[in-house]
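Residue-level structure breakdown
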Amino acid sequence: MKEKIDINTWIRKDHFKFFSAFEEPFFGVTVDVDCTASYKQAKEMGVSFFLLYLHKSLLAANKVEPFRYRIIDGEVWKFDEVHASATINRENGTFGFGYMDFHEDFDNFNRQAKIEIEKVENSIGLIPASSGENVIHYSALPWLNFKSMSHARNYSFNDSCPKISFGKVRDKGKRKIMSVSIHVNHALMDGFHVSQFVDAYQELLNTDTVNTTLI
């Protein structure tokens, strides 16, 4: 389900009109997150660390309202939920696109996500996910400790989906640190909202619960 935002009465009316006119309205930041607790949690549970930190990022994104905004035919819509359109790496060095529904409950998310991953791993080609607008584009680069990132863009395609990428987990003393790149459409949100996402994500990474209820 989605709800149309009345741009004329929206507090971000001027910001939306200003940045919507840009050829490249996206801006991005790269931050480090401490994933020590979640890394340990995944090992103790015997689950994929990737799926655990992906699920927690979806929890955080769904909690921060602007991450659920999308531009459709020049209008702003707010979705009830957003899901994951993620790159799935294969053993042969290629990747494919997978679609993963968001569930607040990790067990449900994990079970369905594993089915999707297996399907992509045992296929060839990209298999573009028929996911629509209510997704976040995810990618993982577990081999690279990157400090910044840019994305391939088709400027003739009006894209407003956030793009989140995860880097290599590295040791810093006794802590596990991971780089996270976040690119968002400036017509829909600002650095303040990205910081809200990062704070919410770090809080979730620090917890040992997997069935966190959205606030």
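On a predicted model such as this, the values are computed, not experimentally measured, just so you know.

What UniProt calls "active site" (unreviewed entry) maps, in this numbering, to H186. Of note, H186 is situated in the loop between strand 9 (175-185) and helix 5 (191-205). The buried category is assigned to H186, whose relative accessible area is 19%. Once residues within four sequence positions are removed from consideration, H186 is found in contact with R12, F19, P25, F26 and F27.

Turning our eyes to something else, we now look at the side chain of S139. Within the secondary structure layout, S139 lies in strand 7 (residues 135-140). Sequence-distant contacts of S139, that is, excluding residues within four places in its chain, are made with T87, I164, S165 and F166.

The next subject is the pattern of salt bridges. Using the criterion set out here, one finds 11 salt bridges in the structure. Put simply, K176 and D171 hold a salt bridge, and the shortest N to O gap is 2.7 Å. On the basis of relative accessible area, D171 is assigned to the exposed category, the value being 56%. Several salt bridges converge on common partners, so that one network encompasses E3, E65 and K78.

The backbone of D73 sits at a positive phi, close to 55°, despite the residue not being glycine. Relative to the assigned elements, D73 resides in the loop between strand 3 (69-72) and strand 4 (75-79). Exposure remark for D73: the relative accessible area of 77% places this residue in the exposed category.

Right, let's get into the pairing of strand 4. Buried residues dominate strand 4, accounting for 4 of its 5 residues. As defined by bridge partners, strand 1 (residues 2-4) adjoins strand 4 across 3 bridges and the pair is classed as antiparallel. Among the inter-strand pairings, K4 is bridged to a residue of strand 4, identified as W77. Where strand 3 lies against strand 4, 4 bridges are found, and the strand directions are antiparallel. When the sheet's bridge partners are listed, R70 is paired in strand 4 with W77. Remark: 2 residues form the turn of the hairpin made by strand 3 and strand 4, two consecutive strands paired antiparallel; D73 in that turn has positive phi of roughly 55°.

How each quantity is defined
Residues numbered from 1 in each chain as written. Predicted model: local features only at pLDDT ≥ 70, side-chain atom pairs only at ≥ 80, totals over all residues. Heavy atoms only, no water. UniProt positions renumbered as here; feature names shortened; annotations may be inferred. Helix = DSSP H or I, 4+ residues; strand = E, 2+ residues; numbered from the N terminus. Buried < 20%, exposed > 50% of the residue type's maximum accessible area, 1.4 Å probe, protein only. Contact = heavy atoms within 4.5 Å. Salt bridge = Lys/Arg side-chain N within 4 Å of Asp/Glu carboxyl O. Pairing = 2+ DSSP bridges.

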